[in-house]
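Descriptive structure summary
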Amino acid sequence: MTPEVHRLVALDRVGPHGASVVVEANAAELAAVAARLGVPAVQAVRCAFKMRRVGGVIEAEGELSARLTQVCVVSLDEFDGAVEDRFTIHFVPAGTEDEEPDPDAPDQVPFEGSSIDLGDAAVEQLALALDPKHEDLFINLHVLDLGPHHLARPQAGASHQSQ
């Protein structure tokens, strides 16, 4: 299966001083990402990668930003949101992944051949960064009948009186 965003980077491009690559999805890729994530629309996906070699591993630090339309699970209304995420992943040769990965260590992404796919890695990180509940906070305040008065902070020096 071809990834929704496919950006192969040759391993030899990551030299002794590392390498930087920016991945931005085009319109057709954004539609495919929306289908993969099960959301009505994705308006933008951008991920800036800084890579370096650590032994036989390519360590990639990413700064992800995305704009998308989601559906609130409470009201079923669509709402626009943004995702910002920083992450570190390790590209490792296929078959060398840790059998019992450390949950506090960067995720391992296996690769074969002489290139890694930064586009697919960016989409995978977006999927991990999404709020699985897809709830719109504004809707939740009204559903719970909290209203804006529950968000107001007491005035300085005001006392609380029981009724």
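These numbers come from a predicted model, not from an experiment. (Residues numbered from 1 in each chain as written. Predicted model: local features only at pLDDT ≥ 70, side-chain atom pairs only at ≥ 80, totals over all residues. Heavy atoms only, no water.)

Let's talk about the overall build of the protein chain
- A count of helices and strands for the protein chain gives three helices and seven strands.
- Starting at the N terminus and ending at the C terminus, the protein chain contains elements arranged as β-β-α-β-β-β-β-β-α-α.
- Within the protein chain, residue pairs in contact and separated by at least 24 positions form 59% of the contacts whose partners lie at least 6 positions apart.
- Carbon together with sulfur atoms contributes 51% to the accessible area of the protein chain, which is approximately 10,600 Å² in total. (Helix = DSSP H or I, 4+ residues; strand = E, 2+ residues; numbered from the N terminus. Contact = heavy atoms within 4.5 Å. Areas by Shrake-Rupley, 256 points an atom, 1.4 Å probe, with all protein chains shown as cover.)

Notes on helix α2 (residues 118-129)
- Here α2 contains twelve residues, and its C-alpha end-to-end distance of 16 Å stays within 8% of the 16 Å for a straight helix at 1.5 Å per residue.
- Within the sequence span of α2, burial applies to Leu118, Gly119, Ala121, Ala122, Val123, Gln125 and Leu126.
- One side-chain oxygen of the residue at the start of α2 lies 3.1 Å from the amide nitrogen of Gly119, identifying that residue as Asp117. (Expected span 1.5 Å × (residues − 1). Buried < 20%, exposed > 50% of the residue type's maximum accessible area, 1.4 Å probe, protein only. Polar contact = N/O pair within 3.5 Å; in protein donor to acceptor, adjacent residues only side chain to side chain.)

Comments concerning a negative patch on the surface
- Taken together, the side chains of Asp98, Glu99, Glu100, Asp102 and Asp104 define an acidic patch exposed on the protein surface.
- Among the secondary structure elements, Asp98 is positioned in the loop between β5 (78-93) and β6 (107-111). (Patch = residues over 30% accessible without salt bridge, like charges linked within 9 Å, V, L, I, M, F, W, Y side chains within 5 Å. Salt bridge = Lys/Arg side-chain N within 4 Å of Asp/Glu carboxyl O. Lys, Arg positive; Asp, Glu negative; His and termini not counted. Charge placed at Lys NZ, Arg CZ, Asp CG, Glu CD.)

Observations concerning the side chain of Asp117
- Here Asp117 lies in strand β7 (residues 115-117).
- Despite its burial, Asp117 pairs with no opposite charge, the nearest such side chain being Arg7 at 6.9 Å.
- A distance of 2.9 Å separates a polar side-chain atom of Asp117 from the backbone nitrogen of Arg7.
- One polar contact links the side chain of Asp117 to the main-chain amide nitrogen of Asp120, over a distance of 3.2 Å.

Considerations on helix α1 (residues 27-37)
- Those residues of α1 lying buried are Glu29, Leu30, Val33, Ala34 and Leu37. Axial view of α1: buried residues confined to an arc of 145°, hence all on one face. Facing away from the buried side of α1 by more than 90 degrees, the exposed set consists of Ala28 and Ala35.
- Lining the buried residues of α1 we find β2 (19-24), β3 (41-54) and α2.
- Looking at where α1 begins, the residue whose side-chain oxygen comes 3.1 Å from the main-chain nitrogen of Ala28 is Asn26. (Arc of directions from axis to C-beta.)

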